[in-house]
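One-letter residues, chain by chain:
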Amino acid sequence: MLLKVQDIETWYGSAQALKGVSLKVESGELISILGANGAGKTTLLRTISGLIEPKKGIIEFAGRRIDRMGAEEIVRLGVSHCPEGRKLFPQMTVYKNLLLGGYVRKTDPQGIRETMEEAFHLFPVLKDRQGQLAGTLSGGEQQMLVISRGLMSRPKLLMLDEPSLGIAPLLVARIFEVIKDINRRGMTILLVEQNAAEALNIAHHGYVLETGEVVLSGEARKLLNEEKVRQAYLGV
Ligand SMILES: Nc1ncnc2c1ncn2[C@@H]1O[C@H](COP(=O)(O)OP(=O)(O)O)[C@@H](O)[C@H]1O
Ligand SMILES: [Mg+2]
């Protein structure tokens, strides 16, 4: 088991955003978390990555408890969180953004160069534009940069928060293809999405969050056929 989230409760002041969420991620898996706006998906990722402390529950990563650790320590252990809304440094070049993604590997410049080459291989457009300011990239290109930056710390677990949000339909397919490809090459991925059909198509397992609770979970293929999922998230 790479990641085990057990009965997590996260609060914002007096408002409870996660009401006892549990999930498991095995090494090599691609897990999708689905749910409407406000369901608690982002809060779950932020809790795992140490940006918010849970009030209750246990989070184990690679055999260690991380639910009381700071965010940087959790990155060092191998968790990389690609936040929603393409949070890049818009006034810095593509190259500099990638470099910053590798900051926990400062002492391994050779490794950083190799990982950057891998990212350029996944997204050749980033190689062409490495000297361009990140803020001048298209939405889709910025998302590619966010994913690549997330890979720069060479994580054991890559967490992606709504990578398809606000991106042109043609590029959405490409983004999902690359996520699947990254997983096939061995990266464990926790993918948060509202785009349920696409996310379940590439995932091994899925979890459906509703107002801070897991209401459904299971094999991705089975979830795709669940009446509840079809009505609420696939619109069929
Ligand atoms: N910084 C915050 N302060 C207070 N409430 C928040 C904050 N961020 C999120 N929430 C609330 O927590 C709940 C879950 O939000 P969020 O995790 O962002 O959901 P999702 O990512 O699924 O859209 C929502 O009710 C939201 O309004
Ligand atoms: Mg969110």
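Rules of the game
- Residues numbered from 1 in each chain as written.
- Chains lettered and ligands numbered in written order.
- Predicted model: local features only at pLDDT ≥ 70, side-chain atom pairs only at ≥ 80, totals over all residues.
- Heavy atoms only, no water.
- Donors = N, O, S within 2.8 Å, 3.2 Å for Na, K, Ca; no water.
- Helix = DSSP H or I, 4+ residues; strand = E, 2+ residues; numbered from the N terminus.
- Buried < 20%, exposed > 50% of the residue type's maximum accessible area, 1.4 Å probe, protein only.
- Pairing = 2+ DSSP bridges.
- Axes fitted to C-alpha atoms, helices over the stretch in contact; angles between N-to-C directions.
- Parallel < 35°, antiparallel > 145°, perpendicular 65-115°, else oblique.
- Left-handed = near helix turned anticlockwise from the far one by under 90°.
- Contact = heavy atoms within 4.5 Å.
- Nonpolar A, V, L, I, M, F, W, Y, C, P; charged D, E, K, R; others polar.

A. Geometry of the coordination of the magnesium ion (ligand 2). Coordination sphere of the magnesium ion (ligand 2), protein contribution only: Thr42 (OG1) and Glu84 (OE), at 2.0 to 2.8 Å. Here Thr42, found in helix H1 (residues 41–48), pairs with Glu84, found in the loop between strand E6 (79–82) and helix H3 (94–101); they are 42 residues apart in sequence, far enough to count as distant. For Thr42, a relative accessible area of 23% corresponds to the partly exposed category. By relative accessible area, which is 27% here, Glu84 ends up partly exposed.

B. Region of interest: the pairing of E6. Burial along E6 is two-sided: Val79 and His81 and Ser80 and Cys82, pointing in opposite directions, are all buried. Both E6 and strand E7 (residues 157–161) contribute to a ladder of four bridges, which runs parallel. In the sheet register, Cys82 faces E7, and the bridge partner there is Leu160.

C. Local environment of the packing of helix H6 (residues 139–151) against helix H7 (residues 169–184). Two numbers describe how H6 lies on H7: the axes approach to 10 Å, and their chain directions differ by 15 degrees. Comparing their axes, H7 and H6 come out roughly parallel. The handedness of the crossing between H6 and H7 comes out as right-handed. On H7, the residues touching Gly140, Gln143, Met144, Ile147 and Leu151 of H6 are Leu171, Arg174, Ile175, Ile179 and Ile182. Residues of the contact of H6 with H7, tallied by class, amount to seven nonpolar, two polar and one charged.

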